[in-house]
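# Residue-level structural notes
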Amino acid sequence: MDNYFLKNCLPGCLIKSIILAVLTSIMLVGCNSKVEKTTIYFGGDILTMSDSADKTVESILIKDGKIVATGSKEDIFKQRKPDTILVDLKGKTLMPGFIAVHTHPDLSAYLHSFVDLSGFTNKTPEAVWDRLDKAVKKTPKGKWIFCKGFDPMLVKELKSPDIKKLDTIAPDHPLVIIAQSLHSGWGNSLAFQAMGITAKTPDPAPGSFYEKDNNGKLTGFISEIAAIKPFSAVAVKEFDIVQNTVNVFDAYMENGFTSITTMGLFATDKKPFLLNEHLSTDHPRLIHKVLDLIGMLPDKKPTVRHFVYIKHDTPFLVPETVENGDDFFKVVGIKLWYDGSPYTGSMYLKQPYLNSELMLEGLNIPRNHYGSTVIKKDDFYKAIKKYHDLGWQLSVHSQGDKSTEEVLELMGKMLSGSDRKGHRHRIEHGVLMPPELLGEMKKLNMTVSYHINHLYYYGLALKNEILGDERAEKMLPVNSTKKSGVIFSLHADAPMYEEDPLSLLQTAVTRKTREGTVIGSNEKISVMDGLKSLTLYSAWQLHMEKKIGSLEPGKYADLVILDKNPLHVPHENLRDIKVVKTIINGEVTWEQ
């Protein structure tokens, strides 16, 4: 019965493409219910992240998944009962759980089983091609091969392949390689043939295309998300997406995250979707019953809180009301892309990219290129107005200075005719966020989340080969943002970079690349401001600051225990701090 129900009753309605992974995560969260016990934590440093804390907190009392009291050890122990659990931190540090405010668990699950060609695991071009060659040899003929992480910046002298090279490497397999930036890729002839894509196939979106040479033939290069999308739909069917999702969510907790935000959920099927029909206070149990019936769930267990922004051009996924879900899972906003990535030449700039060897040959970017938008101005304006008027928070991918200038111009135009005020619309990534526009952002009640590890991993490339010294010194202006009063957060944008909050913290505090070069020293922030950006400020961006993000009575007991206090560790060693335990809703979900 299970297979019949799956194949004949649900395709296109419930289980489709990447949505399956997200629905699985909903169910894991939905099972994390009330914890009927009282716990006291003491014996170590406690960082509340609360702006209102006016005294040293030595101990914290947790009951039924929420924080009941904080204060001195003496005062908290007065509330101890015979069955209270006492947890001695033994000198370790307790603080609010981290919030991955811009991440992609769906893409991480989708990429989890891809062949890893990244610079994190392959140090030379020879190692990259050798790993791919081994994958081809062990894959049965005719089966798809999907690869991730291709990166000419982390792997020096690695050249982008053309379709002839890929056909030689994999003559009997459809082969697709996705760049580390996730904004471009390459395919061989069999991959394009399998998808019905030819040199005459229209560009799927502005700035997104299947590149052709001077003779009008496909080169193998795939530009931007809309063009990659058809291949994504095939890839998700090739792997155990359910188990991949479980592994990805476990990794979030291992890194100390208690809440995550899927930034730009989409599907490939435009039929009505169960999410839209049943996203109510009872939705976790309802969908859980359906998925459990067809045997699509692993063992249920607690996991991270999960907030979702829906991709703007998949309106069939958008719930009928912003009042949906609960504090474990909720659709909170709409995600739009205005420009692309600096590593594909689609970041939209006021001044052109450098005409360096990396840009012209390694990344195949045209000479004197400015980038462009990936959406028409009119279409963008119509979309933001539509969803703003419906009450949704908007999140806009914008990396370039020209891109952000236009986004704020259109946002200002839209908001000038609106009475709605508490929206907290977001700019995502902000590589070249113009500091002179931060005052305008403040007036518009907007906020920004910085893709800070662009600086750590690619800082030298951005400085020397992509943007030049002057623009590099001004990129990712976190300290200027703090001074302006605009609320900010930090993110890793996994799977682009590993979801490691301490790595984000160290980069924001030191402004050092992985080679040790300081870029933009005036934009350094304090450790405390960095910690708040990963907790309380991130919660504010999600309209959840009254429930998570700091350790205060009445808030959920979402905690992380670290082996060292970040405030007492040399800035150069912040990345070395270890997560000892992760607690969500009062329940230990991961421990060392």
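Our subject is the structure that appears above.
Everything in this summary refers to the structure shown in the same document. (Residues numbered from 1 in each chain as written. Predicted model: local features only at pLDDT ≥ 70, side-chain atom pairs only at ≥ 80, totals over all residues. Heavy atoms only, no water.)

Helix and strand counts for the protein chain stand at 21 helices and 23 strands. A burial count over the protein chain gives 60% of its 592 residues as buried. Counting only contacts in the protein chain whose residues sit at least 6 apart along the sequence, the fraction spanning at least 24 positions is 73%. Counting every atom, the protein chain has about 23200 Å² of accessible surface; 49% of that belongs to carbon and sulfur. (Helix = DSSP H or I, 4+ residues; strand = E, 2+ residues; numbered from the N terminus. Buried < 20%, exposed > 50% of the residue type's maximum accessible area, 1.4 Å probe, protein only. Contact = heavy atoms within 4.5 Å. Areas by Shrake-Rupley, 256 points an atom, 1.4 Å probe, with all protein chains shown as cover.)

Glancing now at the pairing of strand S18 (residues 426-429). Sheet topology note: the strand S17 (residues 393-398)/S18 ladder contains four bridges and is parallel. Within S18, the residue paired with His397 across the bridge is Glu428. The parallel pair S17 and S18 is bridged by helix H14 (residues 401-416), and the resulting crossover is right-handed. Bridge count for S18 against strand S19 (residues 447-450) is four bridges, and the pairing is parallel. Residue pairing for S19: His429 is matched across the bridge by Tyr450. As for the winding sense of the linkage, the β-α-β connection from S18 through helix H15 (residues 438-443) to S19 is right-handed. (Pairing = 2+ DSSP bridges. Right-handed = clockwise from strand over helix to strand, strands pointing away.)

Turning our eyes to something else, we now look at the sheet that holds strand S21 (residues 559-562). As summarised here, the arrangement of the five strands in space is S2-S6-S21-S22-S23, forming an open sheet in which the pairing is mixed. A strand with exactly one partner marks an edge of an open sheet, and here the two such strands are strand S2 (45-46) and strand S23 (587-591).

In this section: the sheet that holds strand S1 (residues 38-42). Overall, mixed pairing links the four strands, which are arranged S4-S3-S1-S5 in an open sheet. Of all strands in the sheet, those with a lone pairing partner are strand S4 (66-71) and strand S5 (85-88), marking the two edges. Strand-to-strand twist in this sheet, taken as the mean axis angle between neighbours without regard to direction, amounts to 20°. Pairing of strand S3 (residues 59-63) with S4, which is carried by five bridges, proceeds in the antiparallel orientation. Each residue of the ladder has a partner; that of Lys63, found in S4, is Lys66. (Axes fitted to C-alpha atoms, helices over the stretch in contact; angles between N-to-C directions.)

It is worth spelling out the environment of His571 at this point. Within the fold, His571 resides in the loop between S21 and strand S22 (579-584). For His571 and Gln506, which are 65 residues apart along the polypeptide, the C-alpha to C-alpha distance reads 6.4 Å. If we skip the residues at most four places from it in the chain, His571 touches Gln506, Val509, Thr510 and Val527.

This part covers helix H8 (residues 224-235). Over its twelve residues, H8 extends 17 Å from the first C-alpha to the last, a length consistent with the 16 Å expected when each residue adds 1.5 Å. For H8, every residue scored as buried is listed here: Glu224, Ala227, Ile228, Phe231, Ser232, Ala233, Val234 and Ala235. (Expected span 1.5 Å × (residues − 1).)

Next up on the list: the pairing of strand S7 (residues 98-103). Regular strands place side chains that alternate from one sheet face to the opposite one. Buried residues dominate S7, accounting for six of its six residues. Two elements, S7 and strand S14 (residues 257-265), share four bridges in a ladder whose sense is parallel. Bridge pairing links Thr103 to Thr262 in S14.

Right, let's get into unusual backbone geometry. Backbone torsion omega between Ala494 and Pro495 reads 15°, so that peptide bond is classified as cis. Mapped onto the fold, Pro495 is located in the loop between strand S20 (488-490) and helix H19 (501-510). Of note in the backbone geometry, Asn445 takes a positive phi value of approximately 55° without being a glycine. Mapped onto the fold, Asn445 is located in the loop between H15 and S19.

This part is about the side chain of His173. Residue position: His173 is located in the loop between helix H6 (163-169) and strand S10 (175-179). Every residue in contact with His173, bar those within four places of it in the chain, is listed here: Val136, Thr139, Pro140, Lys141, Gly142, Lys143, Ile145, Asn188 and Leu190.

Tallied over the entire structure, the rule returns 22 aromatic pairs. Both rings, one in Phe120 and one in Tyr457, keep their centres 5.2 Å apart while their planes meet at 75°; by these two values the pair is edge-to-face. In this pair, Phe120 is assigned in the loop between strand S8 (115-116) and helix H5 (125-138) and Tyr457 in helix H16 (residues 453-466), connecting sequence segments 337 residues apart. Owing to a relative accessible area of 33%, Phe120 belongs among the partly exposed residues under this scheme. (Phe/Tyr/Trp six-rings, centres within 6.5 Å; stacked < 30°, edge-to-face > 60°.)

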